[in-house]
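Inside the fold
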Amino acid sequence: MTDKMESFFEAQLREWTTARDNHEALAQVWSRELTSTKLPTALRVQCNPARIVSTGASIDKASIAARPCFLCAANRPHEQQGMALNEGFEWLVNPFPILPQHFTIPTRRHTPQSIYSHFSTMRRMAWDMKGYIIFYNGPLCGASCPDHMHLQAGSRGIVPIERDWDMYQQRLEKLYPLTGKEAASMEEAGYIGSQCGLYILRDYQCPVFVIRSIPTESDSLLCQRLYNALPIAEGEEEPRMNLIAWHQEGGVGKPDEVITLLFPRSKHRPDCYYAEGEDRLLISPGALDMGGLFITPREEDFNKLSTEQQDVYTEANKALQNDKDFQDTYRAIFSLTMLMYGGGALL
């Protein structure tokens, strides 16, 4: 499967000048580490001017209604070809990449961005495509096309939380199952293996739920229960969230598994996005930012997040701290804990 995707990717770069130029330019973008004594490894900030298309996108209802959907086949550049690998989805080369091989994966039908009915598809993609991470940006969590359901995929080994998972997984705390009865319920639901379950990643830059499992017919149940436990803002259709999933290889005595990270969100963009003058930071966090790869289209923002005059990670953290992903979403964790321990079993 991975070989087929690489052949498709290479063919698209030969035929599509925009995609080829932007993927070649990606090799030249600036990137720097952001270090912190709180994390086991460094995060990264990337200066990627081509991403202004997404970072600066207007996604209010009027703006969306005024433009054609660029993920629908009828409105795509004629050079952009699709490959159908999964039922109901097409794989497209992303012409404005963040990762060395970057794909957008829209549904063939024009339906709103919503992950609930696609958890299993996303996790099976991650299982089948070993060389890629699969990620999802909610309608108000980094998606520049919230009117058309889509996932994305990109090369592994770049996003810090996935790249350094061997160290991060040492900080996992299991939330479910904790008893033999709960473990039996998990097995009946199709979650096979002692490592399968719901966890929280402690002491990361923001709250992260982690689901570990092996794909089965009912492997999306934990995702859906977690989804249902999170709050939905008034006037919206789903909880604000970002997701990242990948195929994690096991070792001696450890089976392969799918790691799914869910980042609860509370605001679309941080206050600094709307500030003026020197206080402005043009940052619109999506799944990759939450995973530790901060994307800055403007050079001045790249420099602000990389200054050596103070702890650069603290500055990056503060820049996104205004987006309550980094503080108030612990309320969601508390609510979920109450659901499991006070309001009845999760399964």
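Up top you'll find the structure we're talking about.
Residues numbered from 1 in each chain as written. Predicted model: local features only at pLDDT ≥ 70, side-chain atom pairs only at ≥ 80, totals over all residues. Heavy atoms only, no water.

1. Digging into the pairing of strand β7 (residues 150-155)
Extensive coverage of β7 is indicated by the burial of 6 of its 6 residues. Relative to β7, strand β6 (residues 132-137) runs antiparallel, the two sharing 4 bridges. Paired with I134 across the two strands is A153, which belongs to β7. (Buried < 20%, exposed > 50% of the residue type's maximum accessible area, 1.4 Å probe, protein only. Helix = DSSP H or I, 4+ residues; strand = E, 2+ residues; numbered from the N terminus. Pairing = 2+ DSSP bridges.)

2. A few points about the layout of surface pockets
Unoccupied space between atoms shows up once a probe the size of one water molecule is rolled over them. Estimated volume of the largest pocket: approximately 600 Å³. Taken together, 36 residues make up the lining of the largest pocket; nearest its centre are R51, S54, N94, S144 and Q152. Elements represented by at least two residues in the lining of the largest pocket include exactly α3 (52-55), β5 (102-106), β6, β7 and α11 (287-290). Quantified by volume, the second largest pocket comes out at close to 490 Å³. (1 Å grid on protein atoms, 1.4 Å probe; cavity = no way out; pocket = protein on both sides within 12 Å on 5 of 7 lines; lining within 4 Å. Points joined across faces, edges and corners; volume = space filled by probe spheres on them.)

3. A few points about unusual backbone geometry
Note that the residue after Y176, namely P177, is joined by a cis bond; omega there is 0°. Tracing the chain through its elements places P177 in the loop between β8 (172-176) and α8 (180-188). Notably, D203 is not glycine yet its phi reads approximately 60°, a positive angle. Residue position: D203 is located in the loop between β9 (197-201) and β10 (209-213).

4. Structural notes on the pattern of salt bridges
Side chains that differ in charge, positive against negative, can pair when their charged atoms come close. Summed over the entire model, instances satisfying the criterion amount to 10 salt bridges. E300 is paired through a salt bridge with R298; the nearest N and O atoms lie 3.5 Å apart. One salt-bridge network, in which partners are shared between bridges, spans R298, E300 and D301. (Salt bridge = Lys/Arg side-chain N within 4 Å of Asp/Glu carboxyl O.)

5. Some words on the environment of I133
Mapped onto the fold, I133 is located in strand β6. Sequence separation between I133 and A245 is 112 residues, and the spatial gap between their C-alpha atoms is 5.7 Å. With near-sequence residues (within four places) excluded, I133 lies in contact with L99, Q152, A153, G154, R156, V159, E162, I244, A245, W246 and L288. (Contact = heavy atoms within 4.5 Å.)

6. Focus: the pairing of strand β4 (residues 89-93)
Buried residues dominate β4, accounting for 5 of its 5 residues. Going residue by residue along β4, you find F89, W91 and V93 tucked away on one face and E90 and L92 tucked away on the opposite face as well. Two elements, strand β3 (residues 82-86) and β4, share 3 bridges in a ladder whose sense is antiparallel. The residue of β4 that forms the bridge with G82 is L92. In sequence, β3 turns back onto β4 through a hairpin of 2 residues, with G88 there showing a positive phi of about 85°.

7. Examining the packing of aromatic side chains
This model, assessed by the stated rule, comprises 8 aromatic pairs. Relative to F103, the ring of F9 has its centre 5.8 Å away and its plane inclined at 65°; by these criteria the two rings are edge-to-face. Within this pair, whereas F9 is found in helix α1 (residues 2-15), its partner F103 is found in strand β5, the two being separated by 94 residues in sequence. As far as burial versus exposure is concerned, F9 and F103 are alike and both buried. With a centroid separation of 5.4 Å and 80° between ring planes, the pair formed by W165 and W246 is classed as edge-to-face. Here W165 is found in helix α7 (residues 165-168), whereas its partner W246 is found in strand β11 (residues 241-248), with 81 residues between them in sequence. Judged by relative accessible area, W165 falls into the buried class, the value being 1%. (Phe/Tyr/Trp six-rings, centres within 6.5 Å; stacked < 30°, edge-to-face > 60°.)

Read these as geometric descriptors, not functional statements.
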